[in-house]
Amino acid sequence: MTTHTPHDIKTYRQRLRHALDNAFLRQTLDTFAAAYRESRAKAFEGIDLESLIDDIARRKASALPRLEELFAQFKARAEAAGAVVHSAKTAQEANELIAAIARENGVRKIIKSKSMTAEETFLNAHLERHGFHVTETDLGEWIIQLRREGPSHMVLPAIHLSRHQVAELFEKVTGEKQNPDDIEQMVKVARRTLRRAYLEADMGISGANFAVAESGTLGLVTNEGNGRLVTTLPRVHVALVGYDKLVPDLETALTILKALPRNATGQIISTYVTWITGAVPCDASLSGRKILHIIFLDNGRLQLAKDPVFSQALQCVRCGACANVCPIYRLVGGHNYGHVYIGAIGLILTAFYHGTENARALVMNCLNCQSCKAVCPAGIDLPYLIKNAVRHVLDQEGRRPIKNVVLAKVLKDRKLFHFLLRRASLVQKPLAGKAPLIRHLPLFFDKAHGFRSLPVIQAVPLRDRWERLQPQVSDPAMRVTLFGGCLTDFVYPEQAEAALPILADHGVAVDYPMAQTCCGLPALMAAEKETARDVALQNVRAVDVDQTDWILTLCASCGSHMKENYPKLLGDDPVWGQRVRAFAEKVIDFSSFLKDVLKVSSDAFMPSHEKTAYHAPCHLCRGLKVVEAPRDLLKTAGLDYVPSRDEDVCCGFGGSYSLEFPEISAELLKRKLDAVESAGARMLVTDCPGCVLQLRGGADKQARSFRVCHIAEAVARAYRGKTDEALKFL
Amino acid sequence: MNDQDLVELMSGKAQAVQTVVRLCAHWDEVVTYTLDLTASQGGSSVAPWGLPDQARDRLIQGAAHKGLRVLDPPFRRHLEQIHTALTPVDWGVAETGTLVLDSTSEDLRLATMLSETHVAVLPKERLRRSSFDVAEAMKAWHMDPPRYVAFISGASRTADIERVLTIGVHGPQHLHLLILKEADA
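These numbers were taken from a predicted model, which means no experiment stands behind them.

Caption draft 1: Local environment of the sheet that holds strand β18 (residues 640-641) of chain A. Residue and element names in this part refer to chain A. Pairing is parallel in the open sheet, where four strands are placed in the order β18-β17-β19-β20. Each end of this open sheet is capped by a strand with a single partner; those strands are β18 and β20 (707-710). Across two bridges, strand β17 (residues 611-615) lies against β18 in parallel orientation. Within the sheet, the bridge partner assigned to Lys 611 lies in β18 and is Asp 640. Strands in contact with helix α32 (residues 628-636) are β17, β18 and β19 (683-686); relative to β17, the strand with the most contacts, it is inclined by about 165°. On top of the sheet, helix α36 (residues 711-718) reaches β19 and β20; it is set at about 95° to β20, its chief contact.

Next comes the structure, spelled out in structure tokens:
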């Protein structure tokens, strides 16, 4: 098997560009993404998914500190039932153990059912080097084994291949002509060929989805039935199991089983679930009982289980869903989105199981769009762990990129940061002229970055306009702190300006504390956690939490970062913890504030019935879990909301991501704009200035037929006032 | 949920994964069904396991009449000859259409894995709603090892070539569930 994971971003980007040209892959993964979404939803019908996820997360998390104890219990039970249970510290040790067991038992031919753990240790290569003949029996694994490739998906290992490629391969294997359009017939070829392998094999190797400690039972979840044959026909069975598969009891296994197939393939249950306890009868063995060896693989897991942040990664149940929903996976496929483990969990585990050199470029390839987190059945905060893994890699390699050093220095010092932004506004003047957009980038940018126009930094930021803008509200009904964030303050102050009359009109007094600064998300994205913490604290200190009813932001990214990550970064701080949590509680986005707090009515708007598409920012729909409010608000404001394809798929901005991986960013942007255009919209509305930057820049560059604006601007334009008095603001 | 609802739920969920479901009044009907099915598929043999004596006798008589072979254990001797496996089921899990078989006997395993068609017989009173309702029974098995317990939900399947669902890759290509109204009849 070959795995060539690029060790630097430049090579990685070349690979990604190459993958973007693979039309078959894109078509396949697109169809898959749509089908998966639908079948998953159907499979979970009638199930309280949130409670189920909580239950699984809690059960898995509570097992992690007890792994060694569970191992001892499992070993005692399984050995009493005739198994031999081993522990392997490293991948090499596991492979050697398995080869030794094969030798001791005079094994020549081995059959295997699918095991990601065996992929992790590159077991087949080891066994083949030692003269054993290994046949994979899962159809997809067999196909990629014949092609000498690694899996491109944890559940669907050969999803990157077309029927034509499989037919060609089978022709070589069987020497018979194959009809690529007769998939059923090709499956029969596999059935026939592999039947022989089962009958001739001396040893079967499997993985396991569960190792149930209370009874020493292995649980295997499969569809094809090969796992059953592998564990039944040969006289020897070796199971290679990660320590993380240990669960205390059957109830835990059954609870995970409730979610695993539903989340993996949209099946309510996989065709076969097999529970093996001890050495069962086996006529092929001299003793009349199976020779059963169970090998638990550590390979860093026991250390990981003790880590306060990364232990969460061991909650993974290997459903593969984090790849299924990842917009980047969908573009480039698993061979470019993992080393052995694929998808978001692969970005994290690679650093721990396969060395930082293999994780170095890969781990950077995350938009932080939160799709994986929203779909994880074990409640793993995958994007957060990925950002932590970025830092882990840097620390392990003793690196700290200059941009990180600069970012940390600048962000920590608000006055310096804002000074630099003002200087930047002057520097860009020759590029932009009088236009609000920069259409041609200076030469020091890579031409790949030219896929969108860039907005100019305002000469007069929101904070300098505030004295003039602050509405005078006598006898206010509530007080709100406006949190600008860098983009609203320095690039799009007009978005905040647009919102103010509606607020004033509803008796809302608005404060704009001058000591507020960047929310700190860019620091976290760059794995500068200390800076993120420092900046978060500056913002919390800038706001008088007791004197404000809400902390309102027009930026979904700032909002979700403050609401979710501030308590993570500072919630346990003995001095500030309580205030940080109170701050986070009060954070609210613009749409929710207008719909749920002010309860704006359609009477206050002049309906224009303009056909309006909506882009759901990642950090709004998944980060803050605000889904209906913006769409309702559009309707309330008299706009004709037209749904478009993949509304909640990332626009490709991802902050600095779009600079790091411009080709991916550009492709996601193009798809988004195509979807809006085919929906026939005249306007595209979103509620995050970062998305506005990306979408407006792309729409301008590609001369699209619709305009892009922030929802505050769209709503303000339609606003006619609550009372006559309010009209003066228009 | 009453018995009738459970049977309906089981039938619906099992059919959704291509299991053919029939209600049978008694074992005679099971035997006739199995022989007819085997003959109609062009099969030449039936491997029965765990049948009540009387049903087994009927099967042997009926098979002789139709010119079919009834295979005797150990099935290791017949690895490539098993067309139909006829076995009882320990539990049925209605909400997923799942059959639960204590498959510790190697003969039972070989029959249910290597056959082209598996005819599984579930006494109605062994039907439960969820897997959690059979957890206690499963635990009792696991605590009395060695054990090999199988959940079977439908015929063997794969979607590994272009995600096209294809039935019968390694295990049986057909799964027939016969729900038996009167287990002792």
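Caption draft 2: Layout of the side chain of Asp 244 of chain A. Residue and element names in this part refer to chain A. Tracing the sequence through the fold places Asp 244 in the loop between β7 (236-242) and β8 (246-247). Overall, Asp 244 belongs to the buried group, its relative accessible area being 2%. Apart from residues lying up to four places away in sequence, Asp 244 is in contact with Lys 60, Arg 301, Leu 314 and Arg 318.

Caption draft 3: Spatial organisation of the pairing of strand β13 (residues 478-483) of chain A. Residue and element names in this part refer to chain A. Where burial is concerned, most of β13 is hidden: five out of the six residues are buried. Strand direction decides the pairing type here: β13 and strand β14 (residues 508-511), joined by four bridges, are parallel. Its bridge partner being in β14, Val 480 is matched across the sheet by Val 510. Alignment of β13 against strand β15 (residues 550-553), held across four bridges, turns out to be parallel.

Caption draft 4: Spatial organisation of the packing of helix α34 (residues 662-678) of chain A against helix α35 (residues 689-701) of chain A. Residue and element names in this part refer to chain A. Two numbers describe how α34 lies on α35: the axes approach to 10 Å, and their chain directions differ by 75°. The orientation of α34 with respect to α35, classified from their angle, is roughly perpendicular. Across the interface between the two elements, Ser 665, Leu 669, Lys 672 and Leu 673 from α34 touch Gln 694, Leu 695, Gly 698 and Ala 699 from α35. Of the residues that constitute the contact of α34 with α35, the class distribution is four nonpolar, three polar and one charged.

Caption draft 5: Looking closely at the packing of aromatic side chains. Tallied over the full model, the rule gives 16 aromatic pairs over all chains. Residues Tyr 243 of chain A and Phe 296 of chain A carry aromatic rings whose centres are separated by 5.8 Å and whose planes lie at 55° to one another, so their mutual orientation is tilted. Highlighted residues: Tyr 243 of chain A in the loop between β7 and β8 and Phe 296 of chain A in strand β10 (residues 291-297), separated in sequence by 53 residues. Comparing Tyr 243 of chain A with Phe 296 of chain A shows no difference in burial state: the two are buried. The interplanar angle of 65° and the centroid separation of 5.4 Å between the aromatic rings of Phe 605 of chain A and Tyr 719 of chain A together place this pair among those described as edge-to-face. Of this pair, Phe 605 of chain A sits in the loop between α30 (590-597) and β17 while Tyr 719 of chain A sits in the segment after α36; the two residues are 114 residues apart in sequence, bridging distant segments of the chain. Tyr 719 of chain A matches Phe 605 of chain A in its accessibility class, with the two residues each being buried. Three or more aromatic residues joined by ring pairs make a cluster, and in this case those are Phe 71, Phe 74, Tyr 243 and Phe 296 of chain A. Over the face of the ring belonging to Tyr 384 of chain A we find Lys 568 of chain A, whose NZ or CZ atom lies 4.3 Å from the ring centre. In this structure, Arg 126 of chain B is placed above the aromatic ring of Trp 91 of chain B, and the distance from its NZ or CZ to the ring centre is 4.0 Å.

Caption draft 6: How the structure looks around the sheet that holds strand β1 (residues 19-24) of chain B. Residues and elements named next belong to chain B. The six strands lie next to each other as β1-β12-β7-β4-β2-β3, forming an open sheet whose pairing is parallel. Each end of this open sheet is capped by a strand with a single partner; those strands are β1 and β3 (69-70). Strand direction decides the pairing type here: strand β7 (residues 117-123) and strand β12 (residues 174-180), joined by seven bridges, are parallel. Paired with Pro 123 across the two strands is Leu 180, which belongs to β12. Relative to the sheet, helix α1 (residues 3-16) contacts β1 and β12, its axis offset from that of β1 by approximately 150°.

Caption draft 7: Up close: helix α21 (residues 414-427) of chain A. All names here are of chain A. The end-to-end C-alpha distance of α21, which contains 14 residues, comes to 20 Å, matching closely the 20 Å that a straight helix rising 1.5 Å per residue would cover. Every buried residue of α21 is listed here: Arg 414, Phe 417, His 418, Leu 421 and Ser 425. On an axial view of α21, the arc spanned by its buried residues comes to 95°, and they lie on one face. Among the exposed residues of α21, those oriented more than 90 degrees off its buried face are Lys 415, Leu 426 and Val 427.

Calculation criteria
Residues numbered from 1 in each chain as written. Chains lettered and ligands numbered in written order. Predicted model: local features only at pLDDT ≥ 70, side-chain atom pairs only at ≥ 80, totals over all residues. Heavy atoms only, no water. Pairing = 2+ DSSP bridges. Helix = DSSP H or I, 4+ residues; strand = E, 2+ residues; numbered from the N terminus. Contact = heavy atoms within 4.5 Å. Axes fitted to C-alpha atoms, helices over the stretch in contact; angles between N-to-C directions. Buried < 20%, exposed > 50% of the residue type's maximum accessible area, 1.4 Å probe, protein only. Parallel < 35°, antiparallel > 145°, perpendicular 65-115°, else oblique. Nonpolar A, V, L, I, M, F, W, Y, C, P; charged D, E, K, R; others polar. Phe/Tyr/Trp six-rings, centres within 6.5 Å; stacked < 30°, edge-to-face > 60°. Lys NZ or Arg CZ within 6 Å of the ring centre and 35° of its normal. Expected span 1.5 Å × (residues − 1). Arc of directions from axis to C-beta.

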